[in-house]
Amino acid sequence: MTAFSSSVAILCCGLLTASLVKLLSPKGNTEKIIKLVIGIFVLLCLVISVKEVFSFMMSTSQYEKRAAKSREHIESLYNDKILNTTAQYMADYTRTLLSSNNLSPKNIKVKVEADENMVINIKEISIYIDKDEIKNKDRITEIITSDLNIEPKIIAEEN
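A.B. asks: Explain the overall build of the chain residue by residue, including any values.
C.D. replies: A count of helical and extended segments in the chain gives three helices and three strands. From first element to last, N terminus to C terminus, the chain shows the α and β order α-α-β-β-α-β. Here the chain has a C-alpha radius of gyration of 37 Å; the compact-globule value for 159 residues is 15 Å, and the former is much larger. In terms of principal-axis extent, the alpha carbons of the chain reach across some 115 × 25 × 20 Å.

What follows is the structure, given as structure tokens:
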């Protein structure tokens, strides 16, 4: 039963009970006291009904807040997964591009970021090569710059 319907039920039962008590109560000296008790009883039924509706509204509001927070968390995880997958695909593409030019880097790391419109941008490409391959640095830079329109960071490492 919803909060509204249970509140109406409480109020109706309270009014019905109050009416029955008033009908069955004796006339005379006790009439004013019975009217006072019935009035307090009806007022309590009304307060309980309002409290039921208010409690339901508060719990619904808290549920909506938790649901929104949960949605944000799921979106964040999803966006992180998209960014990680995009970075991996870009690293694989860069490796393939260099391999097709007979260049073999040791490692490639791509950093990507999404702006407020969820447009994914390449922030940085780091290409790790052997020190003895440093002679190919300009060639690697030219290939990556012409194809991806970003200047890579070339890092020479010891074998």
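And the narrative resumes.
A.B. asks: Give a detailed account of the pattern of salt bridges, specifying residues and quantitative values.
C.D. replies: Scanning the entire structure with this criterion turns up four salt bridges. In this structure, the salt-bridge partner of glutamate 157 is lysine 106, at a minimum N-O distance of 3.4 Å. With a gap of 51 residues between them, glutamate 157 in strand E3 (residues 153–157) and lysine 106 in the loop between helix H2 (31–99) and strand E1 (107–114) connect regions that are remote in the sequence. Its salt-bridge partner being lysine 111, residue glutamate 124 comes within 3.9 Å of it at the nearest N-O pair. Here glutamate 124 is found in strand E2 (residues 120–130), whereas its partner lysine 111 is found in strand E1, with 13 residues between them in sequence. Salt bridges here are not isolated pairs; linked through shared partners, they connect Lys106, Asp130 and Glu157.

A.B. asks: Which residues make up the sheet that holds E2, and what are the values?
C.D. replies: Pairing within the open sheet is mixed, and its three strands lie in the order E1-E2-E3. Lying at the two open borders of the sheet, with one neighbouring strand each, are E1 and E3. Neighbour to neighbour, the strand axes of the sheet diverge by 20 degrees on average, direction disregarded. Docked against the sheet, helix H3 (residues 137–148) engages E2 and E3, running at close to 160 degrees with respect to E2.

A.B. asks: Report on a nonpolar patch on the surface, specifying residues and quantitative values.
C.D. replies: Nonpolar side chains collect at one region of the surface, where Leu16, Leu20, Leu23 and Leu24 lie side by side and expose about 490 Å² of accessible area between them. With respect to the element layout, leucine 16 can be found in helix H1 (residues 3–24).

A.B. asks: Provide a residue-level description of empty space enclosed by the protein, including the pertinent values.
C.D. replies: Summed over all chains, the structure comprises one cavity of 30 Å³ or more. The wall of the largest cavity is formed by Leu103, Ser104, Pro105, Ile129, Glu133, Asn136 and Ile140.

A.B. asks: Give me H3: which residues, what numbers.
C.D. replies: The terminal C-alpha atoms of H3, which comprises 12 residues, lie 16 Å apart, in line with the 16 Å expected from a rise of 1.5 Å per residue. Among the residues trailing H3, asparagine 149 stands out with phi positive, at a value near 60 degrees.

Cut-offs used in this document
- Residues numbered from 1 in each chain as written.
- Predicted model: local features only at pLDDT ≥ 70, side-chain atom pairs only at ≥ 80, totals over all residues.
- Heavy atoms only, no water.
- Helix = DSSP H or I, 4+ residues; strand = E, 2+ residues; numbered from the N terminus.
- Rg over C-alpha atoms; globule rule 2.2 N^0.38 Å.
- Salt bridge = Lys/Arg side-chain N within 4 Å of Asp/Glu carboxyl O.
- Pairing = 2+ DSSP bridges.
- Axes fitted to C-alpha atoms, helices over the stretch in contact; angles between N-to-C directions.
- Contact = heavy atoms within 4.5 Å.
- Patch = residues over 30% accessible without salt bridge, like charges linked within 9 Å, V, L, I, M, F, W, Y side chains within 5 Å.
- Areas by Shrake-Rupley, 256 points an atom, 1.4 Å probe, with all protein chains shown as cover.
- 1 Å grid on protein atoms, 1.4 Å probe; cavity = no way out; pocket = protein on both sides within 12 Å on 5 of 7 lines; lining within 4 Å.
- Points joined across faces, edges and corners; volume = space filled by probe spheres on them.
- Expected span 1.5 Å × (residues − 1).

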